[in-house]
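Spelled out, the chains give:
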Amino acid sequence: MPAKLAEATEFGTLETLIPSWERSLRADNKSPKTIRPYGDSARLFEVFAREKLGVRAVNKMTRETVETFIADQLARWKPTTASVRYRCLQQLFKWLLEEGEITADPMTHMKPPIVPEVPVPVVSDDDLKKLLRTCNGKTFEDKRDIAILRVFIDTGIRLAECSGLRSEDVDLQEEVLHATGKGRRPRAVPFGAKTGVALDRYLRLRLRHSQADSPALWLGPKGGLTDSGIAQMLERRCLQAAIEKVHPHQLRHTAAHVWMAQGGGEGDAMRLFGWRSRQMLNRYGASAAGERTRDAHRRIAPGDRL
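Residues numbered from 1 in each chain as written. Predicted model: local features only at pLDDT ≥ 70, side-chain atom pairs only at ≥ 80, totals over all residues. Heavy atoms only, no water.

## As for the overall build of the protein chain
Along the backbone of the protein chain there are 14 helices and 5 strands. Buried residues in the protein chain amount to 41% of all 306 residues. Long-range contacts, defined as pairs at least 24 residues apart, comprise 60% of the intrachain contacts of the protein chain with a sequence gap of at least 6. When the accessible surface of the protein chain is totalled, it reaches about 17700 Å², and 51% of it is carbon and sulfur. (Helix = DSSP H or I, 4+ residues; strand = E, 2+ residues; numbered from the N terminus. Buried < 20%, exposed > 50% of the residue type's maximum accessible area, 1.4 Å probe, protein only. Contact = heavy atoms within 4.5 Å. Areas by Shrake-Rupley, 256 points an atom, 1.4 Å probe, with all protein chains shown as cover.)

## Points about helix H7 (residues 140–155)
Between its first and last C-alpha atoms H7 spans 22 Å; for 16 residues at 1.5 Å apiece the expected length is 22 Å, and the two agree. Restricting attention to buried positions, one finds in H7 the residues Phe140, Asp142, Arg144, Asp145, Ile146, Ala147, Ile148, Leu149, Val151, Phe152 and Thr155. Phi turns positive, to about 65 degrees, at glycine 156, one or two residues after H7. (Expected span 1.5 Å × (residues − 1).)

## A closer look at a positive patch on the surface
Residues Lys30, Lys94, Lys182, Arg185 and Arg276 make up a contiguous surface patch of positive charge. With respect to the helices and strands, arginine 185 occurs in the loop between strand E2 (176–180) and strand E3 (186–190). Looking at arginine 185, the relative accessible area reads 32%, which means it is partly exposed. (Patch = residues over 30% accessible without salt bridge, like charges linked within 9 Å, V, L, I, M, F, W, Y side chains within 5 Å. Salt bridge = Lys/Arg side-chain N within 4 Å of Asp/Glu carboxyl O. Lys, Arg positive; Asp, Glu negative; His and termini not counted. Charge placed at Lys NZ, Arg CZ, Asp CG, Glu CD.)

## As for the sheet that holds E3
Sheets are built from strands that pair by backbone hydrogen bonding, the pairs being arranged parallel or antiparallel. Spatial strand order, E1-E2-E3: 3 strands in an open sheet with antiparallel pairing. Edge positions in the open sheet fall to strand E1 (170–171) and E3, since each of these has one partner strand only. Two elements, E1 and E2, share 2 bridges in a ladder whose sense is antiparallel. Paired with valine 170 across the bridge in E2 is leucine 177. (Pairing = 2+ DSSP bridges.)

## Some remarks on the packing of aromatic side chains
One pass over the structure, following the stated rule, counts 6 aromatic pairs. Relative to phenylalanine 93, the ring of phenylalanine 45 has its centre 6.0 Å away and its plane inclined at 75 degrees; by these criteria the two rings are edge-to-face. Of this pair, phenylalanine 45 sits in helix H3 (residues 32–53) while phenylalanine 93 is found in helix H5 (residues 79–98), placing the two residues 48 residues apart along the sequence. As far as burial versus exposure is concerned, phenylalanine 45 and phenylalanine 93 are alike and both buried. The interplanar angle of 35 degrees and the centroid separation of 5.3 Å between the aromatic rings of tyrosine 202 and tryptophan 218 together place this pair among those described as tilted. Separated by 16 residues along the polypeptide, tyrosine 202 in helix H9 (residues 193–206) and tryptophan 218 in the loop between H9 and strand E4 (219–220) bring together distant segments of the chain. Accessibility assignment for this pair places tyrosine 202 and tryptophan 218 in one class, buried. Through successive ring pairs, a cluster of aromatic residues spans Phe45, Phe48, Phe69 and Phe93. (Phe/Tyr/Trp six-rings, centres within 6.5 Å; stacked < 30°, edge-to-face > 60°.)

## Digging into the pairing of E3
The alternating pattern of E3 places Arg187 and Val189 on a buried face and Pro186, Ala188 and Pro190 on a face that is not buried. Taking the residues that link successive antiparallel strands as the turn, the E2-E3 hairpin has 5 residues, and the phi of glycine 183 there is positive, at about 70 degrees.

## A short note on the environment of glycine 12
With respect to the element layout, glycine 12 can be found in the loop between helix H1 (3–10) and helix H2 (14–27). When its relative accessible area of 21% is taken as the criterion, glycine 12 is described as partly exposed. Sequence separation between glycine 12 and arginine 56 is 44 residues, and the spatial gap between their C-alpha atoms is 8.3 Å.

## Here we look at the nonpolar core
Membership of the largest hydrophobic core comes to 38 residues, with the highest contact counts inside it found for Ile148, Leu177, Leu199, Tyr202 and Trp218. Elements with a minimum of two residues in this core: helix H6 (125–133), H7, E2, H9 and helix H10 (227–241). Per element, the largest residue contribution to this core is 7 residues, and it comes from H7. What isoleucine 148 contacts, discounting residues up to four positions off in sequence, is Cys162, Trp218, Leu225, Ile230 and Met233. Membership of the second largest hydrophobic core comes to 27 residues, among which are Trp21, Met61, Cys88 and Met107. (Core = buried A, V, L, I, M, F, W, Y, C linked by side-chain atoms within 4.5 Å.)

As structure tokens, then:
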């Protein structure tokens, strides 16, 4: 039997094991949005290892195999992309070890690629006001869009959390949204009075929509709005407002910046924005951190006391 064929039949290959890993992830109740990048990264690695390095069996994959792949990713893509690939492979090899497909994890002593900190620019109050003014009309889309914008601005909710909201997730009495975050973790997201008014107006108009029976909160002509639909709406409103394109995630960074600039507590911020580690707090806090520092110095001005 040829050596390569013997290797492929005697030992497991990624080509055959990736579907089993994805099945295991589904059994662990991982969301499709989590499973997709895991599978994509694993398949990219499998093709690279097989075609570029001639390695197919998982027990033949070494630290050098992984490092060569990550170096290739860094040469092709941004460090953030390479970092995502790295962390996905970490989970893959952890599973392979648990399943007994390998006897040692080749990534045990590896370090992730360094990702330079690039603060996401926050959106100015002037631009946010211009965005809101584009929705001053009386159409269904105007009432829907201003409610969506106010939810983003007020709560810093994730795009997927926003698009996944159902009508029953809105509690106008308690002024909270019941969102489902990463890892399918539920979270009560409080909102302010102006957001409550916008939601109330939209919900009353929604009752007369042709797709009112849909469980989705945000409706379009054919049913619930997807992530893409909400992002496209935001892009259209930016064009109408004659401002630079704003991504939904920028609104999340902006909400975090405003919270911290106004003296909001870090522990409360972690609960409000659905963060489980201080690393995320620091990452989002980097947006406009210099501006907050300058404002704080103007208030305190240590030298002015003398």
